[in-house]
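Each chain, letter by letter, is given below.
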Amino acid sequence: MNENEILRRGFSVLEQYHSSQKDGRFVDYTSPGDLQRILQLDDPESEGDWEKLFTWMEQYLKYGVKSAHPSFVNRMWAGANLPSMLGEMAVAISNTSSCTFESAPVSTLMEKYMIRQMLDLVGFRNGEGQMTTGSSNANMIAMMCARNLAGKEVKRTGLFGQQELYAFVNADAHYSMDKAANILGIGIDHLIKLPVNGRGEVDPADLESELASVVEAGGIPFFVVATAGTTVRGAYDPIEAMLKLREKYKFWLHVDGAWGGAAVMSEKLRAKFLPGLSKADSFTWDFHKMLGSSLMCNILLVNHSTHTFGTVLGGGDGSYLFRDTDDNDVQDLGSVSLQCGRRVDSLKWFLDWKYFGKKGFGERIEHYLDLCRYAQECVENIPELEMVAPRVSFNICFRYKVAEHMADDFNQELRTRLYKRGLALVGLAYVKEKLILRLLITNINVNRDEIDTFFKELVAIGNELVGEGQLG
Ligand SMILES: *Cc1c(COP(=O)(O)O)cnc(C)c1O
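Residues numbered from 1 in each chain as written. Predicted model: local features only at pLDDT ≥ 70, side-chain atom pairs only at ≥ 80, totals over all residues. Heavy atoms only, no water.

Caption draft 1: How the structure looks around the overall build of the protein chain. Across its full length, the protein chain carries 15 helices and 12 strands. By the compact-globule yardstick of 23 Å for 472 residues, the protein chain fits well, its C-alpha radius of gyration being 24 Å. A principal-axis box enclosing the C-alpha atoms of the protein chain has dimensions of 65 × 60 × 45 Å. Across the 472 residues in the protein chain, those meeting the buried criterion constitute 52%. Taking the intrachain contacts of the protein chain between residues at least 6 apart in sequence as the baseline, contacts between residues at least 24 apart amount to 74%. In the form shown here, the protein chain has an accessible surface area of approximately 22,200 Å², with 51% of it arising from carbon and sulfur atoms. When the 50 positive and 62 negative side-chain charges of the protein chain are each reduced to one mean point, those points stand 4 Å apart. (Helix = DSSP H or I, 4+ residues; strand = E, 2+ residues; numbered from the N terminus. Rg over C-alpha atoms; globule rule 2.2 N^0.38 Å. Buried < 20%, exposed > 50% of the residue type's maximum accessible area, 1.4 Å probe, protein only. Contact = heavy atoms within 4.5 Å. Areas by Shrake-Rupley, 256 points an atom, 1.4 Å probe, with all protein chains shown as cover. Lys, Arg positive; Asp, Glu negative; His and termini not counted. Charge placed at Lys NZ, Arg CZ, Asp CG, Glu CD.)

Following this line, the structure appears as structure tokens:
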């Protein structure tokens with residue numbers, strides 16, 4: 001086979017996969033041991049053998065999870081948008097790093113264009129932004145900006161011998177906050193987890209009393225996070241009330257909208273979930289979650305006109321790599337990113353944006369919210385099921401009702417059976433120490449019929465478990 005024949009064959013495998021993505025089961029569950037035997041990963045005969053490579057590629061698709069399938073309702077993302085899929089293919093075939101204009105002229109302009117579009121959309125005047133490798137790292141970079149602003153010498157001298165810094169987050173905030181506190185030398189004991197109310201939100205009065213006691217003890221409250229859509233419950237912290245406290249305590253207010261930040265696409269939902277957003281210090285959200293771009297697709301926006309990224313993140317001698325261009329606005333993106341090589345994430349993002357636009361994405365999010373309302377009604381109308389936490393936005397936290405002492409084991413087994421039979425993959429988490437099933441709708445192939453099917457199969461397996469009586 002010459003290279004063109006190989007490519008054609010590869011594309012035909014992809015096309016076949018794509019056209020059958022929604023058929024059959026979402027996974028042909030195979031145990032790790034069986035999968036090891038099937039894959040023969042240590043086959044010594046593969047060198048130069050295209051047939052063998054195609055076999056592995058087909059096996060990758062066959063035994064993998066079809067995330068575009070409507071039974072895949074477990075993660076915050078699902079099958080990708082077609083424009084971004086095409087973009088990814090172009091990126092793979094051209095293989096470059098978007099750290100400099102020289103090596104990635106088009107993607108550099110696309111990323112800058114998209115950042116400006118998003119700054120306008122969010123309402124950060126004169127701010128700046130960058131694509132990062134995901135919200136976890138965006139959260140860390142935001143914390144780093146706040147840290148270096150709170151201690152102007154930190155970049156040079158480190159955190160030695162200075163007043164102690166404290167960060168504040170919702171007790172249900174994403175675990176990446178703990179990682180960031182660790183990596184940045186803040187220490188996880190200095191990450192204050194704020195209790196949540198019945199809706200899973202931070203109460204501003206609790207925040208204020210924690211801020212006050214830190215100040216009284218001689219510490220500096222440098223960073224507060226409003227989570228916009230907590231990962232398990234979907235709670236939105238009160239940005240406006242937190243902004244009021246910022247006036248007094250002068251911290252950096254970061255909005256982690258990895259999941260629920262997508263609400264900015266709809267004026268209606270933005271007014272409901274994100275009032276005050278345009279005055280925050282920074283905001284991140286994942287385009288690869290509710291908005292359906294290919295993984296990874298994230299942006300971090302900063303609401304300051306002081307070249308924060310250059311000041312905080314620039315460093316070391318990059319003169320072998322970075323060049324001044326005639327146009328200052330086209331400064332190399334890599335000079336202020338954490339990593340040197342940067343994957344081209346902007347093409348897929350740009351194509352998605354041009355194809356769907358704010359209107360298309362806004363309608364998508366509103367539609368998802370309608371479906372979430374519907375799913376909640378289903379739970380409430382099916383006698384075998386119950387909501388465990390009230391639905392406050394997009395997350396549906398429910399379980400199959402059985403006696404409390406066996407509810408966790410029962411629901412865990414129920415979820416495992418659904419998965420192993422390829423019927424559905426649904427999330428699992430704890431809310432107030434109760435194990436819950438977390439249904440998320442971020443898949444454009446899911447509509448009311450698919451939600452009905454999901455609950456029907458779930459209840460059938462639950463009834464089967466009850467019938468077996470072995471968990472009682
Ligand atoms: C998913 C999520 C993250 C992590 O995002 P990645 O892009 O996967 O790193 C951070 N915060 C919240 C609230 C999330 O839901």
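Caption draft 2: Here's a closer look at the site of the ligand. Taken together, 16 residues lie near the ligand, and Ser135, Ser136, Asp256, Asp286 and Lys289 sit nearest. Within the contact set of the ligand, an oxygen atom lies 2.7 Å away from a side-chain nitrogen or oxygen of Ser136. In the model, an oxygen atom of the ligand is placed 3.0 Å from a nitrogen or oxygen of the Thr231 side chain. Here the element with the most residues in the shell around the ligand is helix α6 (residues 135-150); it accounts for three residues. Split into classes, the residues belonging to the shell around the ligand amount to four nonpolar, nine polar and three charged. (Near = heavy atom within 4 Å. Polar contact = N/O pair within 3.5 Å; in protein donor to acceptor, adjacent residues only side chain to side chain. Nonpolar A, V, L, I, M, F, W, Y, C, P; charged D, E, K, R; others polar.)

Caption draft 3: Just the pattern of salt bridges, in detail. Evaluation of the coordinates by the stated rule reveals 25 salt bridges. Between Asp28 and Lys62 there is a salt bridge, with the nearest N and O atoms lying 3.8 Å from each other. Of this pair, Asp28 sits in the loop between α1 (3-19) and α2 (32-39) while Lys62 sits in helix α3 (residues 50-63), and the two are 34 residues apart along the sequence. On the accessibility criterion, Asp28 (39% relative accessible area) is partly exposed. Of the charged contacts in the structure, one is a salt bridge between Glu366 and Lys268, with a shortest N-O distance of 4.0 Å. (Salt bridge = Lys/Arg side-chain N within 4 Å of Asp/Glu carboxyl O.)

Caption draft 4: Representation of the sheet that holds strand β4 (residues 191-194) within the structure. Reading across from one edge, β2-β8-β7-β6-β5-β3-β4 is the order of the seven strands in this open sheet, with mixed pairing throughout. Among the strands making up the open sheet, the edge pair consists of β2 (128-132) and β4. Strand-to-strand twist of the sheet, defined as the mean angle between neighbouring strand axes without regard to direction, takes the value 20°. Packed on one face of the sheet, helix α8 (residues 176-183) meets β3 (165-170), β4, β5 (220-227) and β6 (252-256) and runs near 160° to β4. (Pairing = 2+ DSSP bridges. Axes fitted to C-alpha atoms, helices over the stretch in contact; angles between N-to-C directions.)

Caption draft 5: Layout of unusual backbone geometry. For the bond from Leu295 to Met296, the omega torsion is -15°, close enough to zero to count as cis. On the secondary structure map, Met296 appears in the loop between β7 (282-286) and β8 (298-302). Although it is not a glycine, Gln40 adopts a positive phi angle of roughly 45°. Residue placement: Gln40 occurs in the loop between α2 and α3. Phi at Asn95 takes a positive value of approximately 40°, unusual for a residue other than glycine. If you trace the backbone, Asn95 turns up in the loop between α4 (82-94) and α5 (105-122).

Caption draft 6: Quick look at the domain arrangement of the protein chain. In terms of domains, the protein chain is made up of domain 1 (3-67) and domain 2 (89-353). Using only C-alpha atoms to locate each centre, domain 1 and domain 2 end up separated by 37 Å. (Domains from an automatic or database assignment.)

Caption draft 7: Broad picture of the packing of α6 against α8. Running from amino to carboxyl end, α6 crosses α8 at an angle of 45°, the nearest separation of the two axes being 9 Å. Judged by the angle between their axes, α6 and α8 are oblique. Like other packed secondary-structure pairs, α6 and α8 cross with a definite hand, here right-handed. Packed against α6, whose contacting residues are Ser136, Asn139, Met140 and Met143, the element α8 presents Ser176, Met177, Ala180, Ala181 and Ile183 at the interface. In the contact of α6 with α8, the residues fall into six nonpolar, three polar and no charged. (Parallel < 35°, antiparallel > 145°, perpendicular 65-115°, else oblique. Left-handed = near helix turned anticlockwise from the far one by under 90°.)

Caption draft 8: Focus on the nonpolar core. Core analysis: the biggest nonpolar cluster contains 90 residues, and Met118, Trp285, Phe394, Phe398 and Phe455 have the highest contact counts within it. Setting aside residues up to four positions removed in sequence, Phe455 forms contacts with Ala375, Cys378, Val379, Ile382, Leu385, Phe398 and Leu439. Within the second largest apolar cluster, 28 residues are counted, among which are Ile141, Phe222, Phe223 and Leu313. (Core = buried A, V, L, I, M, F, W, Y, C linked by side-chain atoms within 4.5 Å.)

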